[in-house]
Amino acid sequence: MSVLEEIYSIKQKEFTEKLKEMTDSRTIYVTDLVSCSMKRIMRIRYPLLSFRFEPPMILGDLVHAGLEKLLEEHGWRAEVQIEKRISVDGEEYLLKGRADLVRYAKESQNRAEEVIEIKTGRDLPSNTPHEHHVLQLKIYLYLLGAQRGYLVYITPERLVEFPVDPEPIDLEMLVRETVYNEKTPRYEWECKYCPYRRICPFAKTR
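Keep in mind that what you see is a predicted model, and the values were worked out from it rather than measured. (Residues numbered from 1 in each chain as written. Predicted model: local features only at pLDDT ≥ 70, side-chain atom pairs only at ≥ 80, totals over all residues. Heavy atoms only, no water.)

**Focus on the overall build of the protein**
Point 1. For the protein, the count of helices and strands is seven helices and six strands.
Point 2. Shown N-terminal to C-terminal, the secondary structure of the protein runs as helices and strands in the order α-β-α-α-α-β-β-β-α-β-β-α-α.
Point 3. For 206 residues, the compact-globule estimate of 2.2 N^0.38 gives 17 Å, and the protein sits close to it at 18 Å.
Point 4. Expressed along its principal axes, the backbone C-alpha trace of the protein runs to roughly 50 × 50 × 35 Å.
Point 5. In the protein, which comprises 206 residues, the proportion classed as buried is 41%.
Point 6. For the protein, restricting intrachain contacts to residue pairs at least 6 apart in sequence, the fraction spanning at least 24 positions comes to 63%.
Point 7. Roughly 12,700 Å² of accessible area belongs to the protein as shown, and the carbon and sulfur atoms make up 50% of that amount.
Point 8. Taken together, the 32 basic and 34 acidic charged side chains of the protein have centroids lying 4 Å from each other. (Helix = DSSP H or I, 4+ residues; strand = E, 2+ residues; numbered from the N terminus. Rg over C-alpha atoms; globule rule 2.2 N^0.38 Å. Buried < 20%, exposed > 50% of the residue type's maximum accessible area, 1.4 Å probe, protein only. Contact = heavy atoms within 4.5 Å. Areas by Shrake-Rupley, 256 points an atom, 1.4 Å probe, with all protein chains shown as cover. Lys, Arg positive; Asp, Glu negative; His and termini not counted. Charge placed at Lys NZ, Arg CZ, Asp CG, Glu CD.)

Below, the structure is given as structure tokens:
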């Protein structure tokens with residue numbers, strides 16, 4: 001088996017193992033709360049369309065793995081799983097997320113102090129972080145009760161860090177918007193990068 005085949009096999013196995021969770025209508029990911037609500041519905045209906053084996057995705061995974069390993073050696077905990085049950089109109093949903101890196105208080109390994117969210121890409125078009133990335137990190141800060149957050153962007157040309165302060169988040173409102181499909185899309189640019197755009201009735205084609 002070639003290296004490329006082995007990487008593909010690993011990513012395919014990871015995807016297959018997560019398939020049942022991805023299509024569970026009672027499971028909502030933190031990333032669902034900061035993106036088009038129709039995207040979650042399309043993922044549940046057509047999950048195989050979300051499997052992508054492309055260089056930018058693999059490169060992003062490798063950068064995450066490398067930076068997480070590096071910082072784990074300096075007191076950070078990588079890929080911290082977060083879960084919270086939220087009720088909307090009598091229906092209960094499981095909100096799930098995964099913070100890239102979390103540093104816990106020395107005196108209490110259960111009290112989160114700082115959270116790092118890593119983002120990769122070709123470029124960073126402005127000197128401000130993307131709105132959906134900020135909201136995603138604020139949700140992690142809120143769920144973990146952490147005091148500080150950092151968005152770290154890694155591109156071929158730049159390595160930039162943006163501090164993000166915690167603030168109260170109305171999770172029930174965000175879950176409601178997602179469940180009732182009220183944000184289609186949430187941001188104008190989303191459709192351009194969406195794997196479901198060719199079959200989505202809400203897709204912005206221009």
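**Observations concerning a nonpolar patch on the surface**
Point 1. Judged by side-chain polarity, Y46, L49 and I199 come together as a nonpolar surface patch covering roughly 270 Å² of accessible area.
Point 2. Counting through the fold element by element, I199 comes out in the segment after α7 (190–193).
Point 3. With a relative accessible area of 44%, I199 lands in the partly exposed category. (Patch = residues over 30% accessible without salt bridge, like charges linked within 9 Å, V, L, I, M, F, W, Y side chains within 5 Å. Salt bridge = Lys/Arg side-chain N within 4 Å of Asp/Glu carboxyl O.)

Keep in mind these numbers describe shape, not what the thing actually does.
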